[in-house]
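# Per-entry structural report
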Amino acid sequence: MVKYVVKRILLMFITLFIIMTICFVMIKLLPDPIIKSKLAEYKQELALREAWGYNKPILTQYGIFLKKVFTEWDWGYCIRVGTKFMDVTEYIAMKLPATIAVNLYSVIISVPLGILFGIYAALKKNKWQDQVINVIIMIFISVPSYVYAFLVQYFIGYKLGWFPIVIKTGTDYFSWDMFVSMVLPIMALSFGTIAGLMRFTRAELTETLTSDYMLLARAKGLTKMQATVRHALRNAFVPILPMVIGYFVDILTGSLIIERIFQIPGVGNVYVDSIANRDYNLFMAISMFYTAVGLVMGIITDLSYGFIDPRIRMGGGKTNEY
Amino acid sequence: MSTEIKQIPKEKFKFVQLDTSLHDVKFETKPVGYFKDAWLRFKRNKGSVVAASIILILLLYAIIVPFFSPYNTTFRDSYYHCTKPKSKFFSKFGFWDGTYKMTVNQQGYDYWAAITAPDKDGNIRSAIVKVLDKYEKTNAGRTNTYYDIILDSYLKVGYEYRFVTKEEYNNMLKYQEETGIQLLYPMVDTKKILVQGDANDANYWFEYDLKGRATRDANGNYIDIFLRDENGDYVYYVEKMGGNQYQVRVFYYDYFVYVHGREPCFLFGTDGYGQDIFSCLAVGARLSFVLSICVAIINFTIGTIYGAIEGYYGGWIDIILERISDILSGVPFIVTASLFQMHLASKVGVIGSLLFAFVLTGWLGTAYRVRTQFYRFKGQEYILAARTLGAKDSRLIFRHILPNSIGTIVTSSVLMIPGVIFTESSLSYLNIINLQSSTMTSVGTLLSNGQKYLSSDPHVIFFPAMFISLLMISFNIFGNGLRDAFNPSLRGAEE
């Protein structure tokens with residue numbers, strides 16, 4: 001197991017390094033002129049460019065970049081987005097709470113709902129409740145999140161006027177007022193997640209409900225309720241939990257489009273701005289952040305199977321080897 | 001059914017065959033091949049047949065409408081911006097007729113009520129279709145009158161000033177005579193307009209006070225402030241720019257008919273630029289379909305070949321290729337898309353770079369599936385038999401192993417299409433890719449343009465959103481049906 005984990009993590013770093021190199025070179029091949037501004041700022045930018053080796057060959061620049069990243073955790077400075085010459089890491093850290101808040105609320109609400117509805121659908125399999133839930137799942141899983149965003153904005157935000165259409169300004173992301181103003185984006189984010197989890201839970205639980213050990217459990221004399229809770233549910237949760245853990249890791253990245261629609265001052269919004277305004281340092285840093293989160297999520301999801309399911313853990317030395 | 005066996009005389013029995021030796025008879029029935037079997041199973045699934053028809057209708061809409069629609073993406077009429085949807089056929093029954101409800105105060109009512117014009121037969125058309133309610137509301141000690149009115153969004157543009165050449169003016173006069181439609185209306189004496197900014201609005205042809213309320217005569221009619229010459233006749237044009245240009249006052253609905261030769265009628269309404277949503281959406285949808293189908297075909301090809309090589313040869317080839325796809329799968333799509341956009345958009349165009357971005361990582365899923373299938377089948381006896389008989393690698397791959405996985409690959413390729421459409425619309429919504437030009441637009445662009453009219457004119461965003469939702473739902477149901485159809489183990493497992 002340890003060997004496997006170490007191997008995966010090493011591979012992750014190699015992958016990350018290769019992607020970072022390609023990304024860096026691609027960015028450096030793009031024209032990046034100094035923007036005209038006040039003299040003092042111009043001089044400051046010139047000095048910073050000198051320090052980052054902007055007029056040296058790309059590989060030398062990459063060396064300087066790697067050194068700064070690994071020794072000082074310095075990923076560069078903002079130019080066109082945010083406060084000028086602010087460290088990008090600082091800027092991202094400033095924007096991260098908004099993203100985390102919205103997505104955390106959304107996951108906290110949608111995970112229990114999704115699992116509960118999924119269990120309900122599986123228990124009522126092939127009855128009308130299941131059919132209804134199936135149709136709902138199909139619709140909710142297919143319709144893009146931005147369409148929900150428009151729908152809730154129009155009907156709940158505008159027609160009924162229950163909640164503000166865009167979230168309120170301020171940095172108190174975990175206060176009650178902020179939560180109220182975040183209700184619409186949370187809803188828009190949750191529909192898809194709930195439907196996805198519902199479908200997955202339903203599929204897994206129907207499979208475990210029809211397995212042989214359920215028959216054995218009933219034959220032993222367990223009631224249907226006992227057998228479901230003790231045997232079917234526990235086994236069904238083996239693939240469900242990694243998925244849930246995946247959702248929790250994904251909180252960090254969130255949805256670009258939802259952040260845009262509801263004007264959430266989060267990382268996704270900054271990322272889109274950095275692309276539109278060609279703020280390359282910021283673009284590089286957030287790209288690497290997204291890549292790293294994606295890779296870490298893959299590893300955590302894979303490893304969590306082992307932590308949850310003893311069968312995989314036992315055989316881990318052999319079956320996971322490749 | 002009776003089980004009683006009657007006495008049958010012996011001579012009635014005869015031998016079926018005596019002189020020929022029967023080893024095996026040919027089946028009398030027609031053989032059911034893999035695809036036919038899949039088709040039979042697919043047909044039985046009503047939901048996916050309906051979904052497939054909806055996709056087909058949307059596809060036809062995207063293909064046909066740009067050719068036959070009277071409007072195209074270059075058509076922009078700023079007077080008719082955010083016009084409500086209107087269907088000529090349904091407007092006879094009182095819905096889908098381009099009208100909407102509005103609550104106005106006295107000033108607003110006077111303004112809209114003044115917009116009336118006779119049509120060809122002399123019937124008066126007016127911007128206010130119907131007054132639903134008139135009521136008084138007291139607010140902060142002042143009583144105001146309010147009206148709930150239904151307004152026709154095509155007629156509410158009312159009168160407009162246009163600059164025309166002398167020649168054009170004569171043409172318009174000729175047109176009036178020929179068709180009997182009044183095109184030119186009397187000019188307004190702008191000196192009599194009290195509020196400075198209103199002088200450019202051709203709809204203020206009546207006298208009104210500083211509060212904006214119309215002053216009415218004894219009969220309750222408007223008092224006009226038309227420009228008159230010394231004989232007291234109406235003046236129909238004012239010379240501008242040294243006599244080169246005539247300023248005329250037209251009723252815009254009729255003027256539109258005069259310019260375009262048809263009455264304005266936008267099936268899905270118009271957006272904020274005054275573009276016809278019905279044809280723009282079709283153009284955007286066509287782009288989405290073309291892009292996604294291209295992506296699906298390319299990814300299908302690359303993924304199949306890559307996966308086949310990985311899975312068939314295995315060993316160190318597999319390890320190397322697997323590492324490459326591992327690295328590629330770590331790159332978030334948004335990073336690729338924006339990097340390609342920055343680099344290639346100026347060289348191969350926006351769509352080209354988007355296509356590259358989709359292809360760069362899109363085939364990974366297909367390759368993974370094909371590889372799994374190859375690992376499953378390559379050790380089986382029939383492959384060994386074929387190899388022993390001398391089949392080459394290529395024959396083994398394409399003839400013996402690949403057909404096993406064709407169902408899953410086709411399904412995943414079809415399901416790739418809605419994914420690509422969704423991603424493309426999100427990216428163009430976020431303006432990371434800019435697909436708007438004079439000849440092109442995309443569903444995402446329409447959505448992002450419509451967003452600022454969400455509260456006042458939801459139809460601008462409704463139709464593109466509806467289109468994409470319908471497409472996604474249909475594709476998912478269709479994909480599910482396809483997956484079941486291609487799964488031979490489900491044969492006869494229905495119900």
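Bear in mind that the values here come from a model prediction, so they are computed numbers and not experimental data.

Criteria and thresholds
- Residues numbered from 1 in each chain as written.
- Chains lettered and ligands numbered in written order.
- Predicted model: local features only at pLDDT ≥ 70, side-chain atom pairs only at ≥ 80, totals over all residues.
- Heavy atoms only, no water.
- Helix = DSSP H or I, 4+ residues; strand = E, 2+ residues; numbered from the N terminus.
- Contact = heavy atoms within 4.5 Å.
- Buried area = accessible area lost by both parts, 1.4 Å probe.
- Salt bridge = Lys/Arg side-chain N within 4 Å of Asp/Glu carboxyl O.
- Polar contact = N/O pair within 3.5 Å; in protein donor to acceptor, adjacent residues only side chain to side chain.
- Nonpolar A, V, L, I, M, F, W, Y, C, P; charged D, E, K, R; others polar.
- Domains from an automatic or database assignment.
- Phe/Tyr/Trp six-rings, centres within 6.5 Å; stacked < 30°, edge-to-face > 60°.
- Lys NZ or Arg CZ within 6 Å of the ring centre and 35° of its normal.
- Disulfide = S-S within 2.5 Å.
- Buried < 20%, exposed > 50% of the residue type's maximum accessible area, 1.4 Å probe, protein only.
- 1 Å grid on protein atoms, 1.4 Å probe; cavity = no way out; pocket = protein on both sides within 12 Å on 5 of 7 lines; lining within 4 Å.
- Points joined across faces, edges and corners; volume = space filled by probe spheres on them.
- Pairing = 2+ DSSP bridges.
- Axes fitted to C-alpha atoms, helices over the stretch in contact; angles between N-to-C directions.

### Focus: the environment of tyrosine 173 of chain A
All names here are of chain A.
- Considering the arrangement of structural elements, one finds tyrosine 173 in the loop between helix 6 (145-159) and helix 7 (176-181).
- Counting along the chain gives 74 residues from tyrosine 173 to threonine 99, while the straight-line C-alpha distance between them is 9.3 Å.
- The residues contacting tyrosine 173, other than those within four sequence positions of it, are Pro97, Ala98, Ala101, Tyr105, Met178, Met182 and Pro265.

### Re the interface of chain B and chain A
- The interface is formed by 33 residues belonging to chain B together with 36 residues belonging to chain A.
- Surface buried jointly by chain B and chain A totals about 3100 Å² across both partners, of which 80% is contributed by carbon and sulfur atoms.
- Our count for the chain B to chain A interface comes out at 0 salt bridges.
- If you look at where chain B meets chain A, you find 4 residue pairs in polar contact (both at pLDDT 80 or more).
- Residue assignment for the side of chain B that touches chain A shows that the elements contributing at least two residues are helix 7 (315-330), helix 8 (333-362), helix 11 (393-429) and helix 13 (459-485) of chain B.
- A total of 9 residues in the side of chain B that touches chain A trace back to one element, the largest contributor, which is helix 13 of chain B.
- Considering only residue class, the side of chain B that touches chain A consists of 21 nonpolar, 10 polar and 2 charged.

### Describing the domain arrangement of chain B
- One can read the domain layout of chain B as domain 1 (49-64 + 274-490) and domain 2 (86-154).
- For domain 1 of chain B versus domain 2 of chain B, the distance between C-alpha centres works out to 49 Å.

### With respect to the packing of aromatic side chains
Residue and element names in this part refer to chain A.
- Scanning all chains against the criterion turns up 44 aromatic pairs over all chains.
- Site record: aromatic cluster; members linked through ring pairs are Phe17, Phe24, Trp52, Tyr62, Phe65, Trp73 and Trp75.
- Just above the ring of tyrosine 54 sits the side chain of lysine 28; from NZ or CZ to the centre is 4.0 Å.
- One Lys or Arg, lysine 68, reaches over the ring of tryptophan 52 and ends 4.9 Å from the middle of that ring.

### Looking at the state of the cysteines
Residues and elements named next belong to chain A.
- Summed over the entire model, instances satisfying the criterion amount to 0 disulfides over all chains.
- The structure places no disulfide on cysteine 78, whose sulfur is separated from the nearest cysteine sulfur, that of cysteine 23, by 16 Å.
- A relative accessible area of 0% means that cysteine 78 is categorised as buried.

### Focus: the layout of surface pockets
- The computed volume of the second largest pocket comes to approximately 570 Å³.
- Cys82, Lys84, Tyr100, Ser456 and Asp457 of chain B are the residues nearest the centre of the second largest pocket, which is lined by 31 residues in total.
- Contributing elements (two or more residues each) for the lining of the second largest pocket: helix 6 of chain A together with strand 1 (99-105), helix 3 (106-113) and helix 13 of chain B.
- Classifying every residue of the lining of the second largest pocket gives 15 nonpolar, 10 polar and 6 charged.

### Description of the sheet that holds strand 5 (residues 142-152) of chain B
All names here are of chain B.
- The 3 strands lie next to each other as 1-5-4, forming an open sheet whose pairing is antiparallel. A strand with exactly one partner marks an edge of an open sheet, and here the two such strands are strand 1 and strand 4 (128-139). Pairs of neighbouring strands in the sheet enclose a mean axial angle of 15°, with direction left out of account.
- Contacting strand 1, strand 4 and strand 5, helix 3 runs over the sheet at an angle of about 135° to strand 1.

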